[in-house]
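Chain residues, written in single-letter form:
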Amino acid sequence: AAAPASLLALALALRTLNCFLVQTSFVPDEYWQSLEVAHRMVFKYPSPAAALRPLIAPRGALGGLLSSVLNIHNYGYLTWEWTSNLRGYSYPLIFASMYKALQLLAKDNVQLLIWVPRLAQAVLAAFADVKLYSLVQHLENSETAKFVFFCQLCSWFTWYSCTRTLTNTMETILTIFALSYYPIKGSKMGNSCKYLALVALAIIIRPTAVIPWMPLVFSHFLQEQRKADLILHNCIPVGLVTVGTSLIIDRVFFGEWVLVQLNFLKFNVLQNLGTFYGSHPWHWYLTQGLPVVLGPHLPFFIHGCALAPRRFRILLLALIWTLLVYSTLSHKEFRFIYPVLPFCMIFCGYSLRYLKAWKKTAASFLLLSNLVPALYTGLVHQRGTLDVMSHIQQLCNHSQQSQAFVFILMPCHSTPFYSHVHCPLKMRFLQCPPDLTGNASYIDEADVFYSNPLGWLNKEFYNDTLLPSHLILFNVLEQEISSFLALRGYEKTATVFHTHIPQGRVGSHISIYRRKTEMNY
């Protein structure tokens, strides 16, 4: 039986609320690998000021200097992954379509550009929640399905992640959809073509989706009587269509034939170059990753593993396999194991279903204990880097926009960029691409800056005409560069709260400095 409409209405209402109650930043990828790319795809036009530049800038040395001061970025910025062909345009294309529609309707204001993609993710998340219910209802019964649905809606990490524009979020949603068509023993809803197409789509969007699905597809292959049919009539056609579509999309936007999924796996898995972004001990996913992501669900998950019917063991196997494979890669993040979290919710639901006397107490505990981390991480922790964007947006409405120059002196990609400003303001941030040439002595711009902030600033801005009109930095940096700020006439105009847990280069607050000139911004 299909899930009742009231369930979908509840999921949609809850995920919409979820979307608006997540106002913090998680990782740079939620902007830089999706919205920033989409913004550049749609709004990649130079500003009117840039078109006027040849008319107003005199020739010679002064002209060159004026040009550099007046230089307005083309609308948008692509990180090194895009210039190295490591990412595909299929996922950003979804948001670019939304941006294009807003542009055609003349509704491309910055708030809509920020919230429409997130609301779209929230709607997809709601449909995925209901799909999870339908799957368990079909395999077991409505009561077990309700408990799984409850566990899914309670999960603090799902709340924190499911409305973000991350490839991991889309991979998780597609995994739930694919699972609902996967031929688990006893399922009559199994549809090889549908589930393989959804898995292929997940792999196109995030190639590491191949990891949790390897044991599932292999198990299906072993069970399947008509193995040749499965390969010839399902696997090969689905593979050709999805890879072909991805190749064509990337050909259009890269301007050359590129198989990004292969490059991505080569970089992250075979060459293990992800270590550039930090490395963790082999046991991290078992001792920290999974326990944190599961949170208060952990005891129920362990209990549910012991209770669940044999046919669900393949999901447990896929989970263990995923944790083991990811454990071999030195760069580890919580979000990497997010796609197997729904598997865990099925076991948690089983646990609740079979708790006789403690059912209500356990449900209340789950709800309340998840509420605190969900609201704290969604509304408080790391909110400054998004709040600061509204201060930058104000410069767009100003008549002096063409002379404003914002420099974000923070660890690279701390804030979003043009997708959260939506005007061709001159902006700059500290760069940190990894070295792909094998140069052992390579140091990126951000590390060079942080090794001697004051020296770097004095060297970079030796000429007053090059100085940014606005500086944005974490409060931990203020003391070290205070002489530069005073000498060059910068005054603090705002302080924005960021986190209660400052770490290293990341401070508790963000300071905005404006340079005092005859003409203030």
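Residues numbered from 1 in each chain as written. Predicted model: local features only at pLDDT ≥ 70, side-chain atom pairs only at ≥ 80, totals over all residues. Heavy atoms only, no water.

## Description of the sheet that holds strand β3 (residues 470–474)
Working definition: the strands of a sheet are paired by backbone hydrogen bonds and lie parallel or antiparallel to each other.
Thinking step 1. The mixed open sheet is built from 5 strands, whose spatial order is β2-β1-β3-β5-β4. Here the strands that pair on one side only, and so sit at the sheet edges, are β2 (426–429) and β4 (490–497). Geometrically, the sheet is characterised by an average inter-axis angle of 20° between neighbouring strands, direction not taken into account.
Thinking step 2. Alignment of strand β1 (residues 405–409) against β2, held across 4 bridges, turns out to be parallel. Bridge assignment links Val406 to a residue of β2, and that residue is Met427.
Thinking step 3. With respect to the sheet, helix α20 (residues 384–396) is in contact with β1, β2, β3, β4 and β5 (509–515), its orientation differing from that of β4 by roughly 135°. (Pairing = 2+ DSSP bridges. Helix = DSSP H or I, 4+ residues; strand = E, 2+ residues; numbered from the N terminus. Axes fitted to C-alpha atoms, helices over the stretch in contact; angles between N-to-C directions. Contact = heavy atoms within 4.5 Å.)

## Thoughts on the state of the cysteines
Thinking step 1. Summed over all chains, the structure comprises 2 disulfides.
Thinking step 2. Disulfide pairing places Cys396 opposite Cys423 at an S-S distance of 1.9 Å. On the sign convention where negative means left-handed, the S-S torsion of about -70° between Cys396 and Cys423 marks this disulfide as left-handed. Within this pair, whereas Cys396 is found in helix α20, its partner Cys423 is found in the loop between β1 and β2, the two being separated by 27 residues in sequence.
Thinking step 3. Here Cys412 engages in a disulfide with Cys432; their sulfurs sit 1.8 Å apart. Because the torsion about its S-S bond is 75°, the bridge between Cys412 and Cys432 counts as right-handed. Here the residue Cys412 occupies a position in the loop between β1 and β2, and Cys432 occupies one in the loop between β2 and α21 (445–451), the gap between them amounting to 20 residues. Each of the two residues, Cys412 as well as Cys432, counts as buried. (Disulfide = S-S within 2.5 Å. Buried < 20%, exposed > 50% of the residue type's maximum accessible area, 1.4 Å probe, protein only.)

## Quick word on the nonpolar core
Thinking step 1. If you look at the biggest cluster of nonpolar residues, it comprises 151 residues, and the most contacted ones within it are Phe301, Phe312, Ile346, Leu409, Leu425 and Leu471.
Thinking step 2. By residue number, the principal contributor to this core is helix α7 (residues 110–139), which donates 10 residues.
Thinking step 3. Counting contributing residues per domain, this core is built from domain 1 (5–380) and domain 2 (383–515), each supplying no fewer than three. (Core = buried A, V, L, I, M, F, W, Y, C linked by side-chain atoms within 4.5 Å. Domains from an automatic or database assignment.)

## Here we look at the side chain of Glu478
Thinking step 1. Here Glu478 is to be found in the loop between β3 and α23 (482–487).
Thinking step 2. On the accessibility criterion, Glu478 (15% relative accessible area) is buried.
Thinking step 3. A polar side-chain atom of Glu478 sits 2.9 Å from a polar atom in the side chain of Lys492.
Thinking step 4. When residues no more than four places from it in sequence are discounted, the contact partners of Glu478 are Leu473, Leu485, Lys492, Ser511 and Tyr513. (Polar contact = N/O pair within 3.5 Å; in protein donor to acceptor, adjacent residues only side chain to side chain.)

## Focus on the domain arrangement of the protein
Thinking step 1. For the protein, the domain assignment lists domain 1 (5–380) and domain 2 (383–515).
Thinking step 2. Put simply, the middle of domain 1 and the middle of domain 2, counted by C-alpha atoms, are 30 Å apart.
Thinking step 3. Interface of domain 1 and domain 2: buried area, both sides summed, is about 3200 Å²; carbon and sulfur atoms make up 63% of it.
Thinking step 4. At the junction of domain 1 with domain 2, the criterion picks out 0 salt bridges. (Buried area = accessible area lost by both parts, 1.4 Å probe. Salt bridge = Lys/Arg side-chain N within 4 Å of Asp/Glu carboxyl O.)

## A word on helix α15 (residues 284–294)
Structural remark: α-helix, 3.6 residues per turn; residues separated by three or four positions point the same way.
Thinking step 1. All of the buried residues in α15 are Trp284, Tyr285, Gly289, Leu290, Val293 and Leu294. Taken end-on, α15 shows its buried residues confined to a sector of 150°, consistent with a single buried face.
Thinking step 2. Taken together, the buried residues of α15 touch α9 (156–161), α16 (298–307), α17 (313–328) and α18 (341–353).
Thinking step 3. Looking one or two places after α15, you find Gly295, whose phi comes out positive at around 60°. (Arc of directions from axis to C-beta.)

## Notes on helix α13 (residues 227–254)
Thinking step 1. Spanning 28 residues, α13 covers 37 Å between terminal C-alpha atoms, matching the ideal 40 Å at 1.5 Å per step.
Thinking step 2. Maximum bend of α13: about 30°, positioned at Cys235, with proline Pro237 one to four residues after it.
Thinking step 3. What α13 keeps buried is the set Leu230, Asn234, Val238, Thr242, Ser246, Ile249, Asp250 and Phe254.
Thinking step 4. Positive phi shows up at Gly255, right after α13, with a value of about 80°. (Expected span 1.5 Å × (residues − 1). Bend = angle between axes of the 7 residues up to and from the residue.)

## Topic: the environment of Tyr338
Thinking step 1. If you trace the backbone, Tyr338 turns up in the loop between α17 and α18.
Thinking step 2. For Tyr338, a relative accessible area of 4% puts it in the buried group.
Thinking step 3. Considered as a pair, Tyr338 and Gly289 are 49 residues apart in the sequence and their alpha carbons are 9.8 Å apart.
Thinking step 4. With near-sequence residues (within four places) excluded, Tyr338 lies in contact with Phe157, Thr158, Ser161, Cys162, Asn168, Thr169 and Thr172.

## Structural notes on the pattern of salt bridges
Thinking step 1. All told, the structure shown has 17 salt bridges when counted by the stated rule.
Thinking step 2. Glu30 is the salt-bridge partner of Arg164, the closest N and O atoms lying 2.9 Å from each other. In this pair, Arg164 sits in the loop between α9 and α10 (167–180) while Glu30 sits in helix α2 (residues 29–42), placing the two residues 134 residues apart along the sequence.
Thinking step 3. Residue Arg164 is classed as buried on the basis of its relative accessible area, which comes to 1%.
Thinking step 4. Here Glu491 makes a salt bridge to Arg514, at a shortest N to O gap of 2.9 Å. In this pair, Glu491 sits in strand β4 while Arg514 sits in strand β5, placing the two residues 23 residues apart along the sequence.
Thinking step 5. Judged by its relative accessible area of 26%, Glu491 is partly exposed.
Thinking step 6. A cluster of three or more residues bridged by salt bridges with shared partners is formed by Asp29, Arg87, Glu333 and Arg335.

## Section: the packing of α15 against α18
Thinking step 1. Across the interface, α15 lies against α18 with an axial gap of 11 Å and an inter-helix angle of 60°. Here the hand of the crossing between α15 and α18 comes out right-handed. The segment α15 lies against α18, with Leu290, Val293 and Leu294 engaging Leu341, Cys344 and Met345.
Thinking step 2. Residue classes in the contact of α15 with α18 are distributed as 6 nonpolar, no polar and no charged. (Left-handed = near helix turned anticlockwise from the far one by under 90°. Nonpolar A, V, L, I, M, F, W, Y, C, P; charged D, E, K, R; others polar.)

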